[in-house]
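As a plain string of letters, each chain reads:
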Amino acid sequence: MKNFAIKLVWFTTIYVFVFAGLCQTNVALPVIMTLYCIGIPLILFMVYTVLHDDYKTTKTFKDWYGDHPMETLEEEEN
């Protein structure tokens, strides 16, 4: 299941935005409460999944950022 965590983050984000939108409309309270009761465990499951994901990288802090070349970093330190 490669990239399951990021897919779960996207799904949860969309779910929260839809829930927030429905809260602003005239949807029945039992529907809102049902979505709320589903959303809380979904958010907790997302956090648990992201924190326990087996993501490995070869990058270190010395690699800095991909969009910020290392040469300019060394110039700024001097």
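These numbers were taken from a predicted model, which means no experiment stands behind them.

## A closer look at the packing of helix α1 (residues 4-23) against helix α2 (residues 29-51)
Running from N to C, α1 and α2 cross one another at 155 degrees; their axes reach a closest spacing of 10 Å. In terms of their interaxial angle, α1 and α2 are classed as roughly antiparallel. Judged by the sense of rotation from one axis to the other, the crossing of α1 with α2 is left-handed. Note on element contacts: α2 touches α1 through Ile 32, Leu 35, Tyr 36, Ile 38, Gly 39, Leu 42, Ile 43, Phe 45, Met 46, Thr 49 and Val 50, opposite Phe 4, Ala 5, Leu 8, Val 9, Phe 11, Thr 12, Tyr 15, Val 16, Phe 19, Leu 22 and Cys 23. A per-class count over the contact of α1 with α2 returns 19 nonpolar, 3 polar and no charged.

## Describing the UniProt feature "transmembrane region" (unreviewed entry) in the chain
In the numbering used here, UniProt assigns the feature "transmembrane region" (unreviewed entry) to residues 33-51. Taken end to end, residues 33-51 comprises 100% helix and 0% strand; its first and last C-alpha atoms sit 28 Å apart.

## Things to note about α1
Given a rise of 1.5 Å per residue, 20 residues ought to cover 28 Å, and the 28 Å separating the end C-alpha atoms of α1 matches this to within 8%. For α1, the complete set of buried residues consists of Ala 5, Leu 8, Thr 12, Tyr 15 and Phe 19. One face of α1 carries all of its buried residues, which in axial projection span an arc of 85 degrees. The exposed residues of α1 that point more than 90 degrees off its buried face are Lys 7, Trp 10, Ile 14 and Phe 17. Looking at the buried residues of α1, the elements they touch are α2.

## Digging into the side chain of Thr 12
Mapped onto the elements of the fold, Thr 12 is located in helix α1. Note on Thr 12: relative accessible area 3%, which makes it buried. If near-sequence neighbours (up to four positions away) are discounted, Thr 12 is found in contact with Leu 42, Ile 43 and Met 46.

## Considerations on the nonpolar core
Among the nonpolar cores identified, the biggest contains 7 residues, and these are Leu 8, Tyr 15, Phe 19, Ile 32, Leu 35, Leu 42 and Met 46. For this core, the elements supplying multiple residues, two or more each, are α1 and α2. Considering each element in turn, this core owes the most residues, 4 residues, to α2. With near-sequence residues (within four places) excluded, Met 46 lies in contact with Leu 8, Val 9 and Thr 12.

Calculation criteria
Residues numbered from 1 in each chain as written. Predicted model: local features only at pLDDT ≥ 70, side-chain atom pairs only at ≥ 80, totals over all residues. Heavy atoms only, no water. Axes fitted to C-alpha atoms, helices over the stretch in contact; angles between N-to-C directions. Helix = DSSP H or I, 4+ residues; strand = E, 2+ residues; numbered from the N terminus. Parallel < 35°, antiparallel > 145°, perpendicular 65-115°, else oblique. Left-handed = near helix turned anticlockwise from the far one by under 90°. Contact = heavy atoms within 4.5 Å. Nonpolar A, V, L, I, M, F, W, Y, C, P; charged D, E, K, R; others polar. UniProt positions renumbered as here; feature names shortened; annotations may be inferred. Expected span 1.5 Å × (residues − 1). Buried < 20%, exposed > 50% of the residue type's maximum accessible area, 1.4 Å probe, protein only. Arc of directions from axis to C-beta. Core = buried A, V, L, I, M, F, W, Y, C linked by side-chain atoms within 4.5 Å.

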